[in-house]
Amino acid sequence: MPQEERKLIRPQVLLLGNGVNRAFGGGSWGQLIRDISCNPDVPEDARLHLPMPLRAILVTGDCVGVQLRSAGEILYGKLGDPGHIEMLQRLLDLNFDHILTTNFSYELEQAAQPDTPLSEQRLQDMMHHSDGRRQAEAKYLFYTYSAVDWRGRANRVWHIHGEGRKPDSMILGHYYYANLLEKISSYVKSEGARWHHEQSRGEPVRIKSWADAFLFGDLYVLGFGFDVSEFDLWWLLNRKKRERADTGRTWFFAPAERLEPGQINEKEELLRVLGVEVRHCGSIRADGTPLERSLGFRAFYDLAIEEIRALVAEHRGE
């Protein structure tokens, strides 16, 4: 397809959560909370029901940043299972224009070069920023991304809630989520005229931040459960539906739940209300042992990746 035509095609954007990592034995967000816990008034085996941002404040005694700095290498992530690497490489093969991830860890960066040790220098070399900033940010990585080389192509991977080597950038705790949402809201107000102007001239919206990619790209949500505590992303979903400029479509991929008569999946219904198309890929959420559940999720991700591949090709006009 000629380059001049390609520019008019909407960006194809992946929003990747921790689900693929979990399917191959990776740590959960609950495990991270346990790893940073230091509040002596909260027993290690306590069953906590607070939303994740507030839970982080409780278990650290409102010292989230301090505890994250002490977390060290657990925030880098590990790739040991060849199947895990292969699945991440299949995602890189889809050649998304942007990959947004809520993970602090670097599984995609590692999967792109599995035989090269992950080092601070290597991560620094990958770090780039859009023309929305003069330099990469130390915190709230709004304009900063990793350029991850894969098969001769630099994938833009945006760690939208921060990354492990920069503890000040990590969004974990209600205070930090609220600050990020304030930044997003201010950005949307300031950039609205630009978006409208670019589209009125028949041009695609320039992607200066990960919020631009979220709003104006065709967004494929995989391995991210859209927990209700992720209120910055719920706000953006609502904004994407309300925005007067022409925004992209959104698909949410998850195995179906077994529901009793009269029971509904409230979260999926809410996603639909906000204009999201829910795709189950013919897959039912697996029950049984942890291994059986992991294998069930791996099978689901296999199906979902192929469905995403077809949708991306369709929306690129290939």
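Calculation notes
- Residues numbered from 1 in each chain as written.
- Predicted model: local features only at pLDDT ≥ 70, side-chain atom pairs only at ≥ 80, totals over all residues.
- Heavy atoms only, no water.
- 1 Å grid on protein atoms, 1.4 Å probe; cavity = no way out; pocket = protein on both sides within 12 Å on 5 of 7 lines; lining within 4 Å.
- Points joined across faces, edges and corners; volume = space filled by probe spheres on them.
- Helix = DSSP H or I, 4+ residues; strand = E, 2+ residues; numbered from the N terminus.
- Nonpolar A, V, L, I, M, F, W, Y, C, P; charged D, E, K, R; others polar.
- Phe/Tyr/Trp six-rings, centres within 6.5 Å; stacked < 30°, edge-to-face > 60°.
- Buried < 20%, exposed > 50% of the residue type's maximum accessible area, 1.4 Å probe, protein only.
- Salt bridge = Lys/Arg side-chain N within 4 Å of Asp/Glu carboxyl O.
- Core = buried A, V, L, I, M, F, W, Y, C linked by side-chain atoms within 4.5 Å.
- Contact = heavy atoms within 4.5 Å.
- Polar contact = N/O pair within 3.5 Å; in protein donor to acceptor, adjacent residues only side chain to side chain.
- Pairing = 2+ DSSP bridges.
- Right-handed = clockwise from strand over helix to strand, strands pointing away.

Draft legend 1. Quick peek at empty space enclosed by the protein. Tallied over the entire structure, the rule returns three cavities of 30 Å³ or more. Taken as a whole, the largest cavity holds about 80 Å³ of empty space. Along the walls of the largest cavity sit 14 residues, with L16, T101, N103, E107 and L108 positioned nearest its centre. The set of elements that each furnish at least two residues to the lining of the largest cavity consists of α2 (19-23), α7 (107-112) and β5 (153-159). Ranked by residue count, the leading element in the lining of the largest cavity is α7, at three residues. Looking at side-chain class alone, the lining of the largest cavity contains six nonpolar, six polar and two charged residues. Counted as a void, the second largest cavity has a volume near 40 Å³.

Draft legend 2. Quick look at the packing of aromatic side chains. Tallying each qualifying case throughout the model produces 16 aromatic pairs. On the numbers, 6.1 Å between centres and 70 degrees between planes, the contact of Y143 with Y187 is edge-to-face. One end of the pair, Y143, is in the loop between β3 (127-129) and β4 (144-150); the other, Y187, is in helix α9 (residues 174-200), with 44 residues separating them in the sequence. Look at Y187 and you get buried, because its relative accessible area is 4%.

Draft legend 3. Looking closely at the pattern of salt bridges. Within this structure, the stated rule accounts for 24 salt bridges. One salt bridge in this structure joins E191 and R194, with 2.4 Å as the shortest N-O distance. With E191 and R194 both in helix α9 and three residues apart, this pair spans about one turn of that helix. Both residues of the pair, E191 and R194, belong to the buried class. Here R279 ties to E307 by a salt bridge, and the two come within 2.4 Å at their closest N and O atoms. Pair noted here: R279 is in strand β8 (residues 277-279) and E307 is in helix α13 (residues 290-316), with a separation of 28 residues, a long-range link. In the salt-bridge network here, residues are joined through shared partners; they are D131, E191, R194, E198, R206, K208 and D212.

Draft legend 4. Region of the structure containing the layout of surface pockets. What the largest pocket holds in volume is close to 1200 Å³. What lines the largest pocket is a set of 44 residues, among which G19, R22, W29, G223 and G225 lie closest to the centre. The set of elements that each furnish at least two residues to the lining of the largest pocket consists of α2, α3 (29-36), α4 (52-60), β7 (250-253), α12 (266-273) and α13. Ranked by residues supplied to the lining of the largest pocket, first place goes to α13 with six residues.

Draft legend 5. Structural context of the nonpolar core. The biggest cluster of nonpolar side chains holds 40 residues, and the ones touching the most others in it are L15, L100, W210 and F226. Counting residues per element, the ones that place at least two in this core are β1 (12-16), β4, α9, α10 (210-216), β6 (218-222) and α11 (231-242). Apart from the residues lying within four places of it in its own chain, the contact partners of L15 are L100, T102, I160, F214, L219, Y220, V221, L222, F224 and F226. Among the nonpolar cores identified, the runner-up in size contains 36 residues, and F24, L79, L91 and I99 belong to it.

Draft legend 6. Here's a closer look at the side chain of E198. Structurally, the position occupied by E198 is in helix α9. Given the relative accessible area of 4%, E198 is considered buried. At 2.7 Å, the side chain of E198 and the side chain of R206 are in polar contact. For E198, the residues in contact, after removing those within four places along its chain, are E203, P204, V205 and R206.

Draft legend 7. Spotlight on the environment of Q89. For Q89, the position within the fold is in helix α6 (residues 82-93). Note: C-alpha distance between Q89 and R22 (67 residues apart in sequence) is 16 Å. Each residue touching Q89, except ones within four places of it in the same chain, is listed here: A111, P114 and W150.

Draft legend 8. Local environment of the pairing of β7. The two faces of β7 match: T250 and F252 on one face and W251 and F253 on the other face are all buried. With four bridges joining them, β6 and β7 adopt parallel strand pairing. Bridge assignment links L219 to a residue of β7, and that residue is T250. Running through α12, the crossover from β7 to the neighbouring parallel element β8 is right-handed.

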